[in-house]
Amino acid sequence: MESIQIILIFLLFLGFGLFSKRIDGSMLTPPMIFVGAGLLFSNAFFNVFDFHIEHDWLHLLLEATLVLVLFSDA
């Protein structure tokens, strides 16, 4: 991951932290904000992150992590 990508992720979390109190009373939720930021940074819009998983074990680890997070929240 390049330094500009790390800086963008840091700025996203910093911006959310700074404005989280104001966002608390609105219709926007944190997942909506981060999904929107993910869409903006994806290949569909600005192509900031060019992320390709080339190892099968890493793909399996990411899917298992996603499953655990989603089922623990449900």
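Here the structure is a predicted model, which is why all the values come from computation and not from measurement. (Residues numbered from 1 in each chain as written. Predicted model: local features only at pLDDT ≥ 70, side-chain atom pairs only at ≥ 80, totals over all residues. Heavy atoms only, no water.)

K.L.:
Could you give an account of the overall build of the protein, with specific residues and numbers?
P.N.:
A count of helices and strands for the protein gives three helices and zero strands. For the protein, the succession of helices and strands along the chain, N to C, is α-α-α. Its C-alpha radius of gyration of 15 Å places the protein more than 25% over the 11 Å reference for a compact globule of 74 residues. As displayed, the protein offers around 6600 Å² of accessible surface, 71% of which is attributable to carbon and sulfur atoms. (Helix = DSSP H or I, 4+ residues; strand = E, 2+ residues; numbered from the N terminus. Rg over C-alpha atoms; globule rule 2.2 N^0.38 Å. Areas by Shrake-Rupley, 256 points an atom, 1.4 Å probe, with all protein chains shown as cover.)

K.L.:
Tell me what's going on with the packing of aromatic side chains, and back it up with residues and numbers.
P.N.:
Tallied over the entire structure, the rule returns two aromatic pairs. The interplanar angle of 40° and the centroid separation of 5.3 Å between the aromatic rings of F13 and F34 together place this pair among those described as tilted. Of this pair, F13 sits in helix α1 (residues 3-23) while F34 sits in helix α2 (residues 30-41), and the two are 21 residues apart along the sequence. With relative accessibility at 26%, the residue F34 sits in the partly exposed group. For the pair F16 and F34, a centre-to-centre distance of 5.1 Å together with 55° between the ring planes defines the contact as tilted. Taken together, the residues span a long stretch of sequence, with F16 in helix α1 and F34 in helix α2 at a distance of 18 residues. Counting every residue linked through ring pairs, the aromatic cluster contains F13, F16 and F34. (Phe/Tyr/Trp six-rings, centres within 6.5 Å; stacked < 30°, edge-to-face > 60°. Buried < 20%, exposed > 50% of the residue type's maximum accessible area, 1.4 Å probe, protein only.)

K.L.:
A description of the environment of F41 should follow, citing residues and the corresponding values.
P.N.:
Relative to the elements of secondary structure, F41 occurs in helix α2. Along the sequence, F41 and L8 sit 33 residues apart, while their C-alpha atoms lie 9.4 Å from each other. Sequence-distant contacts of F41, that is, excluding residues within four places in its chain, are made with L8, N47, V48 and F49. (Contact = heavy atoms within 4.5 Å.)

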